Amino acid sequence: MTAHHPIAIIGAGLGGLTLARVLHVNGIEAALFELEASPAARGQGGMLDIHEESGQAALRAAGLYEEFRALVHPGGEAMRVLDKDAVVRMEEADDGDGGRPEVDRGHLRDLLLGSLPDSAVRWGAKITGARPLGGGRHEVTLADGSAFTTDLLIGADGAWSRIRPLVSDAVPAYTGISFVEVDLLDADVRHPDSAAVVGGGMLFALGEDKGFLGHRESDGSLHIYTALRAPEEWISTIDFTAEDTSLAKACVLEHFTDWDKSLQALVADADGALIPRRIHALPIGHRWDRVPGVTLLGDAAHLMSPFAGEGANLAMLDGAELAAALAARPGDVEAALAAYEEALFPRSEKTAAESADGLVRCFRQDAPQGLLDLFAGD
């Protein structure tokens, strides 16, 4: 017989886990389905700054705020803005009073996972499709040939959501910016010059159409995002899979030949693989008509570029607010979804517009002046 789950959450990222946790706090259980084979299947990325009005509010709703504070990376809110010549144009220390403390994404995910029953997440569950059955119920199919039905289907499955087509024809579009991510391990000992360039927290080294964004992680490594305005196919012209990374590094750095050597070294001296990533976004103001029994959260609902720093924060807030709406309206899922989406759409539209503006500011002709103006409130 086909299994049935009253509430099914597709995707056990930060948004899906926050939703499940706040539902659990309110005595409502949900089944999560995650593509990854296990919690340790891959690294979870770098540091996140968790904002008071969004990510922190979600953690309070989840009853995990104090545990979160114990994970905060001391000094992580420090920030430096440099130009292509490595001239420091702005520098701020972390005095401990900021509203955006830094935390390792993996540690935050582990906190949320540990707050749920062991059976909550079905790992290695690759969703291949979903179809409406009528009356708000859906059938979801998996790659292993199995299927299940659900009364409430929630797509928390990211940029290329399998659930989004149930409510929207929108697909993410390339923003014109590609990232290449690298790491410098044990930086203070092995890469002291790069450690000094990045500082204790976040680095922005920006020029026209390109730059280096980086941060110090809680394990003492540096995580660097090389950003480049490039054709969508540019990444495909480079072999990022070769064990010898020297050629890939050279292909990236040929776009930075007139940049200061200390900034070039962030890539030239990197340890391990180079990870390419095209930056996509859904249309600003993406929304959909109410479809019975299904909704979206996080990147599935409002994928945007990372230049407002809100992606993970919004996903967590989405999850917390959806759970609160469901808990406040027992027996009336449609009213809960309508209330959730009524707040979701304008909030995500505003932040998506800020992200798009941030991308333009970071890489305009006079960079880093656009970012400096933003921080100055202009």
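Just above, that's the structure.
Below or above, wherever it landed, is the structure these notes cover. Every value quoted in this text rests on a predicted model; they were computed, and no experiment measured them.

A word on the packing of helix α10 (residues 311-328) against helix α11 (residues 333-363)
Step number 1: Close contact between α10 and α11 brings their axes to 8 Å; oriented N to C, the two are set at 160 degrees. The pairing of α10 with α11 is recorded here as roughly antiparallel in orientation. When you trace α10 past α11, the crossing you get is right-handed. Contacts between α10 and α11 involve Leu314, Leu317, Asp318, Glu321, Leu322, Ala325 and Leu326 on the former and, on the latter, Ala336, Leu337, Tyr340, Ala343, Leu344, Arg347, Ser348 and Thr351.
Step number 2: Here the contact of α10 with α11 is composed, by residue class, of ten nonpolar, two polar and three charged.

Side note on the sheet that holds strand β13 (residues 210-216)
Step number 1: What the seven strands build is an open sheet, ordered β5-β4-β12-β13-β14-β11-β15; its pairing is mixed. Looking at which strands have only one partner, the edges of the open sheet turn out to be β5 (88-92) and β15 (271-281). When the angles between neighbouring strand axes are averaged without regard to direction, this sheet yields 15 degrees.
Step number 2: Relative to strand β14 (residues 222-229), β13 is paired through seven bridges, and the arrangement is antiparallel. Bridge pairing in β14 places Arg216 opposite Leu222.

Points about unusual backbone geometry
Step number 1: The omega torsion of the bond from Ala367 to Pro368 falls at 15 degrees, within 30 degrees of zero and hence cis.
Step number 2: Phi at Asp186 takes a positive value of approximately 45 degrees, unusual for a residue other than glycine.
Step number 3: If you trace the backbone, Asp186 turns up in the loop between β11 (173-184) and α5 (187-190).
Step number 4: By relative accessible area, Asp186 is classed as partly exposed at 41%.
Step number 5: Positioned with a positive phi, Asp209 is a non-glycine residue whose angle comes to about 70 degrees.
Step number 6: Note on placement: Asp209 falls in the loop between β12 (202-207) and β13.

Remarks on the pattern of salt bridges
Step number 1: The tally for this structure, following the rule as stated, stands at 18 salt bridges.
Step number 2: Between Arg80 and Glu91 there is a salt bridge whose closest N-O contact spans 3.1 Å. Here Arg80 is found in strand β4 (residues 79-82), whereas its partner Glu91 is found in strand β5, with eleven residues between them in sequence.
Step number 3: One continuous salt-bridge network, built from bridges that share partners, spans Arg290, Glu334 and Glu341.

What to know about the pairing of β13
Looking down a regular strand, the side chains alternate between one sheet face and the other.
Step number 1: Within β13, seven of the seven residues are buried, which leaves it mostly tucked inside the rest of the structure.
Step number 2: Neither face of β13 is exposed, since Lys210, Phe212, Gly214 and Arg216 on one face and Gly211, Leu213 and His215 on the opposite face are all buried.
Step number 3: Note that β12 and β13 share six bridges and pair antiparallel. Each residue of the ladder has a partner; that of Ala205, found in β13, is Phe212.

Some points on empty space enclosed by the protein
Step number 1: This model, assessed by the stated rule, comprises one cavity of 30 Å³ or more.
Step number 2: As a volume, the largest cavity reaches approximately 40 Å³.
Step number 3: Forming the walls of the largest cavity are Leu282, Pro283, Gly285, His286, Ala301, His302, Leu303, Met304, Ser348, Glu349 and Ala352.
Step number 4: For the lining of the largest cavity, the secondary-structure elements that each account for two or more residues are α9 (299-302) and α11.
Step number 5: When residues of the lining of the largest cavity are assigned to their parent elements, the largest contribution, three residues, is made by α11.
Step number 6: Grouping the constituent residues of the lining of the largest cavity by class yields six nonpolar, four polar and one charged.

Criteria and thresholds
Residues numbered from 1 in each chain as written. Predicted model: local features only at pLDDT ≥ 70, side-chain atom pairs only at ≥ 80, totals over all residues. Heavy atoms only, no water. Axes fitted to C-alpha atoms, helices over the stretch in contact; angles between N-to-C directions. Helix = DSSP H or I, 4+ residues; strand = E, 2+ residues; numbered from the N terminus. Parallel < 35°, antiparallel > 145°, perpendicular 65-115°, else oblique. Left-handed = near helix turned anticlockwise from the far one by under 90°. Contact = heavy atoms within 4.5 Å. Nonpolar A, V, L, I, M, F, W, Y, C, P; charged D, E, K, R; others polar. Pairing = 2+ DSSP bridges. Buried < 20%, exposed > 50% of the residue type's maximum accessible area, 1.4 Å probe, protein only. Salt bridge = Lys/Arg side-chain N within 4 Å of Asp/Glu carboxyl O. 1 Å grid on protein atoms, 1.4 Å probe; cavity = no way out; pocket = protein on both sides within 12 Å on 5 of 7 lines; lining within 4 Å. Points joined across faces, edges and corners; volume = space filled by probe spheres on them.

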